[in-house]
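Now for the letters of each chain:
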Amino acid sequence: MSKTIELGVQGMTCASCVGRVERGLKKVEGVEGASVNLATERATVTYDPALTTTQALLDKVKDVGYEPVISELELGVQGMTCASCVGRVERALNKVEGVLDASVNLATERATVRYLPSSVSPGQLKAAVKASGYEVLESEPGKDRSDLEREAREQEVRSLRRAVTFSAVFAIPLVILAMVPMLYMPFHMWLMEYISERTMTWIMLALALPVQFGPGLRFYRLGWKALKNRSPDMNSLVMIGTSAAFFYSLVVTLAPQIFPEGTAHVYYEASAVVITLILLGKYFEAIAKGRSSEAMKKLLSLQAKTARVVRGGQELEVPTDEVLIGDLVSVRPGEKVPVDGEVIQGNSFVDESMITGEPIPVAKQVGAAVVGGTINQNGAFQFKATKIGADTALAQIIKLVESAQGSKPPIQGLADKVVSVFVPIVLGIAALTFLIWLLVGGSTALSFALVTTVAVLIIACPCAMGLATPTSIMVGTGKAAELGVLFRNGAALEGLQGVNVVAVDKTGTLTKGRPELTDLVTAAGFGRTEVLQLVAAAEEQSEHPIARAIVDAAKREGVAILPLESFEAVPGYGLEARVQGRLVQVGADRYMQRLGLSVGDFAAQAERLGDEGKSPLYAAIDGQLAAVIAVADPIKEGSPEAVKALRRQGLKVAMITGDNARTAQAIARQLGIDEVLAEVLPSGKSDAVKELQAKGQKVAFVGDGINDAPALAQADVGLAIGTGTDVAVETADVILMSGDLRGVPNALALSRATLRNIKLNLFWAFAYNIVLIPVAAGVLYPAFGWLLSPVLAAAAMGFSSVFVLSNALRLRSFHPPVRPDPVPVRAAPTTMAQA
């Protein structure tokens, strides 16, 4: 049967555009007709869903040069309890015409939907969720979604606490009446003196009734909806199991005469205690879920509530969301920076640790960038707001972390496939168990059949399966954010642990990315400050990177830049200048030879510099050789430690650079890098990654995230070295906020720890069911006389969920293998005497 769908199309400007889109759509196999309206910017397409898909139509619109309109919506979903619930909500959303895909996360209780706004509205999506038996968390004026979700979670915890308390009040005396007489005969004899057995059953009914149709009513409400939708879940299993025990007991109580003598047993304690224990497990689960989002709470708490804005010459305290771009904002000692901006007055040190993971406060002076959410230390300053609201670095980080926590890694696919058929299989096993025990159970067949069937239904609740992956992802990505590592999605978190080669861009990644004066060794009779002052004066007018590095070094060391009297470039050799009457000549060794000066005294230093991949320059003052100078892009403080840590983790490290082979090999020797791909043009970096992949290796590429975009895209996992403020423009799978390469081994270790955690969770969730379902069905009874009580089954089911959550929470105590130095260390410059 044909389907008709409307697609929003952006970028059309004239009738030619309309014709191009129509012709393109009509070429797609299975399209029967396409009509495009320029005024409404919509395309109406009739197609055969057996031959093509909505995604194919969207791809074709892109192919012809236009942009299809696709929206994304996140809905808070309340009432989900297990993996089957997740599957039901996903299926309900995916059935809605115009939905491209829907992903539901049990741990965050959110549904993420990509849809065509021209074909479906948010209201229809919410209605689909409600029709599947769950509630949508609606927004309220003045409250953001995180506040609503926190309140909803707190409300759920309070509700479960009340339900558990109410159930326990009735279930505990019920257990005492049912179990203690069997375990302690004197108590049974004493009880029978005052209360007949028939009266006892009525008392037990009175105790069980409030639990079954009080707190237990939630399982009927949700379980029945699930059955009606032909998607039975945990609630359905609990409803069927406890109802079987309760109503069987009720028939025994009302009409004991219809049962053979000695078989009229009641199981009120089983139904009441099972409900109580399951609610208790859900209570602990809700508390643990709240703890698993602790890192997200920390990030949200970083956002300043108010800002001190200078308007009309006065300081006004306004809510942060009322700050405008260009506003002048004042920050006092100890206050949070409310939004992103640029310092225009004052100076201070700012703690950026929760943004970058680096513990060292960062100096801020006029012109420096500040990030919203960071904490000012001891100075006061004013800055101009440059990014506000959702554009701030912190808002982008929160969005990325939320996105990663809500995503599904590939490993989740296995669990989803199993869960989709799990509950129907369990119902089949339960029915088979009941029939077999009826046939082989003898005089107590009905009792045995009931006990084993209820135990199977209770033990098999797939809560642990649904929580196994999302809780680990949630805690793992949250912990990563605390360390300054942002994973874009669960697939990146899973993919990183599987790489065996880390390819690293040199400039700006292994090195600082800007030339610096690294060596200045003076000859006898010349002082370092004297030479630096004269050479910096000679180079001050030049924009060459080497000249700028020398001038910047002089300024950093507080050396005054003297005025130039004359300047002349000597093409191919160097420069000649006069500074306060002194002749200054700077250039390579061939320039000194031209001047008739021997550089032999510096032979040892020149050889050392050459081994380090540096090209030495020489300075002559008043016709005498005064110093050897080297300017290079220095290695970052953390790079050697990062490379060592990666090799300790069993990875091969490769360097990709445009530098000449000698310089590249020199840096590789210093750092212990395994493989060097040198003289690679920026456009060829992705080919270099392909070259590594062609050897059958899974490659992670580490670059600056902008110039290295093709290589980041080509790599199996791309890691971008960020600065905390570049989050919005990064396109990598993983972002290292601090700009420190030591984040790479930390990200890798956390990825491996999270995957180990997920695998353990999945193993426990599956093994628990594989082992205990047969036990619950009574396979051990013929050999050992063991039957699993429904009460113990309920306790075990609750414990499995709590175990999975507790195991995921262990990731909060993850310790990174490499930590930044508490104080940055720089080598002191050497002199001829020191050398």
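All figures in this text were calculated on a predicted structure; none of them were measured in a lab.

Definitions and cut-offs
- Residues numbered from 1 in each chain as written.
- Predicted model: local features only at pLDDT ≥ 70, side-chain atom pairs only at ≥ 80, totals over all residues.
- Heavy atoms only, no water.
- Core = buried A, V, L, I, M, F, W, Y, C linked by side-chain atoms within 4.5 Å.
- Buried < 20%, exposed > 50% of the residue type's maximum accessible area, 1.4 Å probe, protein only.
- Helix = DSSP H or I, 4+ residues; strand = E, 2+ residues; numbered from the N terminus.
- Domains from an automatic or database assignment.
- Contact = heavy atoms within 4.5 Å.
- UniProt positions renumbered as here; feature names shortened; annotations may be inferred.
- Pairing = 2+ DSSP bridges.
- Axes fitted to C-alpha atoms, helices over the stretch in contact; angles between N-to-C directions.
- Parallel < 35°, antiparallel > 145°, perpendicular 65-115°, else oblique.
- Left-handed = near helix turned anticlockwise from the far one by under 90°.
- Nonpolar A, V, L, I, M, F, W, Y, C, P; charged D, E, K, R; others polar.
- Phe/Tyr/Trp six-rings, centres within 6.5 Å; stacked < 30°, edge-to-face > 60°.

A.B. asks: Looking at this structure, I do not really get the nonpolar core. What am I missing?
C.D. replies: Across soluble globular proteins, nonpolar side chains show a tendency to be buried alongside one another. Grouped together as the largest cluster of nonpolar side chains are 131 residues, with contacts concentrated most on Met 80, Leu 93, Leu 125, Phe 487 and Leu 496. At 16 residues, the largest contribution of residues to this core is made by helix α27 (residues 743–777). For this core, the two domains that each supply at least three residues are domain 2 (71–138) and domain 4 (485–506 + 638–747). If near-sequence neighbours (up to four positions away) are discounted, Leu 93 is found in contact with Val 99, Ala 102, Ala 111, Val 113, Leu 125, Ala 128 and Val 129. If you look at the next biggest cluster of nonpolar residues, it comprises 43 residues, including Leu 517, Val 521, Ala 549 and Leu 617.

A.B. asks: When you look at the UniProt feature "transmembrane region" (unreviewed entry) in the protein chain in this model, what are you seeing that I'm missing?
C.D. replies: Those places that UniProt annotates as "transmembrane region" (unreviewed entry) correspond, in this numbering, to residues 163–187, 199–217, 237–259, 265–284, 418–440, 446–469, 762–781 and 787–809. For residues 762–781, helix accounts for 85% and strand for 0%, while the C-alpha atoms at its two ends are 29 Å apart.

A.B. asks: Even after reading the chapter, I still don't get the pairing of strand β10 (residues 314–319), so can you show me in this structure?
C.D. replies: Consecutive side chains of a regular strand alternate in pointing toward one face of the sheet and then the other. Alignment of strand β9 (residues 306–311) against β10, held across six bridges, turns out to be antiparallel. Paired with Val 309 across the two strands is Leu 316, which belongs to β10. The hairpin turn running from β9 into β10, its antiparallel successor, is two residues long, and Gly 312 in that turn takes a positive phi close to 60°.

A.B. asks: Explain the packing of helix α19 (residues 528–539) against helix α20 (residues 545–556) to me, please; I cannot follow it from the model alone.
C.D. replies: In a packed pair of helices, the relevant descriptors are the angle between the two axes and the axis-to-axis distance. α20 packs onto α19 with a crossing angle of 135° between their chain directions and a minimal axis gap of 9 Å. Between α19 and α20, the crossing angle belongs to the class labelled oblique. Crossing handedness for the pair α19 and α20: left-handed. Packed against α19, whose contacting residues are Leu 532, Val 535, Ala 536 and Glu 539, the element α20 presents Ala 547, Arg 548, Ile 550, Val 551, Ala 553 and Ala 554 at the interface. Its residues assigned to classes, the contact of α19 with α20 shows eight nonpolar, no polar and two charged.

A.B. asks: Help me understand the packing of aromatic side chains, please; the structure alone is not making it clear to me.
C.D. replies: To describe a pair of aromatic rings, you give the distance between the ring centres and the angle between the ring planes. One pass over the full model with this rule turns up 14 aromatic pairs. Judged by centre distance (5.5 Å) and plane angle (85°), the rings of Phe 213 and Phe 246 are edge-to-face. Remark: Phe 246 occurs in helix α9 (residues 234–254) and Phe 213 occurs in the loop between α7 (197–212) and α8 (217–228); sequence separation between them is 33 residues. Judged by its relative accessible area of 1%, Phe 246 is buried. A centroid spacing of 5.7 Å and a plane angle of 75° characterise the contact between Trp 437 and Tyr 781, whose relative ring orientation is edge-to-face. Here Trp 437, found in helix α14 (residues 412–440), pairs with Tyr 781, found in helix α28 (residues 781–784); they are 344 residues apart in sequence, far enough to count as distant. Relative accessible area serves as the criterion here: at 8%, Trp 437 is assigned to the buried category.

A.B. asks: Which parts of the structure should I look at to understand unusual backbone geometry?
C.D. replies: Trans is the common state for peptide bonds, and a negative phi is the common state for residues other than glycine. Even without glycine at this site, Gln 580 takes up a positive phi of about 50°. Structurally, Gln 580 can be placed in the loop between β22 (574–579) and β23 (582–587). Phi angles above zero are rare outside glycine, and Asp 622 is one such case at about 55°. Structurally, the position occupied by Asp 622 is in the loop between β24 (616–621) and β25 (624–632). The exposure class of Asp 622 is partly exposed, given its relative accessible area of 39%.

A.B. asks: I would appreciate a short explanation of the sheet that holds strand β3 (residues 42–47) in the present structure.
C.D. replies: Hydrogen bonds between backbone groups are what pair the strands of a sheet, and the pairing can be parallel or antiparallel. Taken together, the four strands give an open sheet; going across it, the order is β2-β3-β1-β4, and neighbouring strands pair in antiparallel fashion. Because the sheet does not close on itself, it has two edges, and the strands there are β2 (31–37) and β4 (67–68). As judged from the two bridges shared by strand β1 (residues 3–10) and β4, these two strands associate in the antiparallel manner. The residue bridging Val 9 from the neighbouring strand is Pro 68, located in β4. Running at roughly 165° to β2, helix α1 (residues 15–26) makes contact with β1, β2 and β3 of the sheet. Docked against the sheet, helix α2 (residues 54–63) engages β1, β2, β3 and β4, running at close to 30° with respect to β1.

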